[in-house]
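# Tertiary structure, described
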Amino acid sequence: MTARGSVCLGLALVVLGASGAGGHAAGLDSPCPVEWQGLPFGDALRELAGRLDLPYVVDASVSAEAAQTRIRLLASHVDGRQALRWLARSAGLEAVVVDRTILVARGDRLPEAWKWRGGVPARGRDGQEAAWAGMRGRVAAVDWVDAPLSVVVRDLPRSFGVDLVVHPDILAKEVLIHLQQSAATLESVRDELARSLDAEVGYDDGVLWARPAHLPQGPAGSAPAFIPELINAKTDQPLRRPVVIDRPLADWQAFRGVVARATGLNCRVEVVAGAASAGLEARGSVGEVLEGARLLGLMSYQLQAGGEKGLPTLLIQVRAANR
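On a predicted model such as this, the values are computed, not experimentally measured, just so you know. (Residues numbered from 1 in each chain as written. Predicted model: local features only at pLDDT ≥ 70, side-chain atom pairs only at ≥ 80, totals over all residues. Heavy atoms only, no water.)

## Focus: the sheet that holds strand E11 (residues 207-212)
- Ordered in space as E8-E11-E10, the 3 strands form an open sheet in which the pairing is mixed. In this open sheet, the two edge strands, each paired with only one partner strand, are strand E8 (163-166) and strand E10 (199-204). Across the sheet, the mean angle from the axis of one strand to that of its neighbour is 25 degrees, orientation sign disregarded.
- Taken together, the 4 bridges between E8 and E11 define a ladder with parallel strand orientation. Among the inter-strand pairings, Val166 is bridged to a residue of E11, identified as Ala210.
- This element, helix H7 (residues 186-197), spans E8, E10 and E11 of the sheet and lies at about 145 degrees to E10. (Pairing = 2+ DSSP bridges. Helix = DSSP H or I, 4+ residues; strand = E, 2+ residues; numbered from the N terminus. Axes fitted to C-alpha atoms, helices over the stretch in contact; angles between N-to-C directions. Contact = heavy atoms within 4.5 Å.)

## With respect to unusual backbone geometry
- Its identity as a non-glycine residue notwithstanding, Asp53 has a phi of 55 degrees, on the positive side.
- With respect to the element layout, Asp53 can be found in the loop between helix H1 (41-52) and strand E3 (56-59).
- We note that Asp146 has phi near 45 degrees; this positive angle belongs to a residue other than glycine.
- Mapped onto the elements, Asp146 comes out in strand E7 (residues 139-148).

## Describing the nonpolar core
- Grouped together as the largest cluster of nonpolar side chains are 35 residues, with contacts concentrated most on Trp252, Phe255, Leu290, Leu298, Met299, Leu314 and Ile316.
- Where this core is concerned, the elements lending two or more residues are strand E5 (94-98), strand E6 (101-105), strand E12 (242-245), helix H8 (252-263), strand E13 (266-271), helix H9 (286-295), strand E15 (299-304) and strand E16 (313-318).
- If one sorts the elements of this core by residue count, H8 sits on top with 5 residues.
- Non-local contacts of Leu314, meaning those with residues more than four positions away in its chain, are made with Leu239, Val259, Leu265, Asn266, Cys267, Arg268, Leu290, Tyr301, Gln302 and Leu303.
- The next biggest cluster of nonpolar side chains, apart from the first, holds 33 residues, and it includes Leu54, Ala75, Leu93 and Val104. (Core = buried A, V, L, I, M, F, W, Y, C linked by side-chain atoms within 4.5 Å. Buried < 20%, exposed > 50% of the residue type's maximum accessible area, 1.4 Å probe, protein only.)

## Details of the confidence of the model for the protein chain
- When pLDDT is averaged along the protein chain, the result is 79, and 78% of the positions lie at 70 or above.
- Confidence over residues 116-123 falls short of pLDDT 50; this stretch has 31 contacts with residues more than four positions distant or in other chains.
- The model gives residues 217-235 a pLDDT under 50, and that stretch makes 33 contacts with residues more than four places away or in other chains. (pLDDT = per-residue confidence, 0-100.)

## Regarding the packing of H8 against H9
- Two elements in contact, H8 and H9, have axes separated by 11 Å at closest approach and are oriented at 150 degrees. With respect to their mutual orientation, H8 and H9 come out roughly antiparallel. The segment H8 lies against H9, with Phe255, Val259, Ala262 and Thr263 engaging Val286, Val289 and Leu290. (Parallel < 35°, antiparallel > 145°, perpendicular 65-115°, else oblique.)

## Details of the sheet that holds E15
- If you walk across this open sheet you meet the 3 strands as E13-E16-E15, and the pairing is mixed. At either end of the open sheet lies a strand with only one pairing partner, and these are E13 and E15. For this sheet, the mean angle separating the axes of adjacent strands, direction not counted, is 15 degrees.
- Across 6 bridges, the pairing between E13 and E16 is parallel. Note on E16: the bridge partner recorded for Arg268 is Leu315.
- The sheet strands contacting H8 are E13, E15 and E16, and the helix crosses E13 at an angle near 160 degrees.
- Contacting E15 and E16, H9 runs over the sheet at an angle of about 135 degrees to E15.

## A closer look at the pattern of salt bridges
- Applying the stated criterion across every chain, the model contains 12 salt bridges.
- For Arg190, the salt bridge identified is with Glu187, shortest N-O distance 3.6 Å. Taken as a pair, Arg190 and Glu187 lie in helix H7 at a separation of 3 residues, close to a single helical turn.
- A relative accessible area of 16% means that Arg190 is categorised as buried.
- Under the relative-accessibility criterion, Glu187 is labelled partly exposed at 28%.
- The closest approach of N and O atoms between Arg190 and Asp191, which form a salt bridge, is 2.7 Å. (Salt bridge = Lys/Arg side-chain N within 4 Å of Asp/Glu carboxyl O.)

## With respect to H8
- Between its first and last C-alpha, H8 extends 16 Å over 12 residues, near the 16 Å set by a 1.5 Å rise per residue.
- Here H8 has its buried residues at Trp252, Phe255, Gly257, Val258, Val259, Ala260 and Thr263.
- Each element contacted by the buried residues of H8 is listed here: E12, E13, H9, E15 and E16.
- The distance from a side-chain oxygen at the start of H8 to the backbone nitrogen of Gln253 is 3.1 Å, and the residue carrying that oxygen is Asp251. (Expected span 1.5 Å × (residues − 1). Polar contact = N/O pair within 3.5 Å; in protein donor to acceptor, adjacent residues only side chain to side chain.)

What follows is the structure, encoded as structure tokens:
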């Protein structure tokens, strides 16, 4: 097993390799069009991991039934990260990339900091809204006469340059769409889809996402509280500040810099020989991100008294990759 494949969540995991033998590897940040019409989730994950040239880890919480979920997903304008996340969501799961390893699990089994809540990627809600503002005025001719969703899913990306991903519960209803306009805006199409599908339709993580109205949220995460007992109420406030890591960092010193800027604390990083890389992405409070990294076996951390300017020092100790 490679060092990348030994990442551990503290959960029961199945670790699998990935081979890009089917073609040239696609990067996580590169265009990664996908099309699956009824392929079992496990097979689709294996195929995508091979294209991305990444090993993947499947938590024991992913049942055999979930692994056999038939995936119907067509997306032409997504990158590798988005394709991976939407594939997992299509099976009711979550997928993240940490230390160049794909982790797949039920949403309640991953620390919150390692998921994009509600599909919002690390750039945050403001970035989502700005992206939507730049595309909602796009205009194209629409000619859907009692068209099945499969037709709309293929036509919309070609006409408007953005993919439509539909929740499996809506796909199962086989709703027909009727909309004919010579100069429809993407926003008007979004509104009509919401009405016809009786769904919430909005721009989310690179796609138009159609989901059942009032879709219940998943159960609360089972990860431990993000503030360990050793941090008391007086000094834990900096760890409650938000932080965003939306692309893998160059090294652990870069991670230290991100944490130091977010918290204002003195930060020190100790990196042992053979340590895992800092190739992680996350969003949430600093405490959540640190605790998520600890749960993944990448590092430990503690606050130490007696730092500069009367502030405690946050010590981050990076572990060897095989631990």
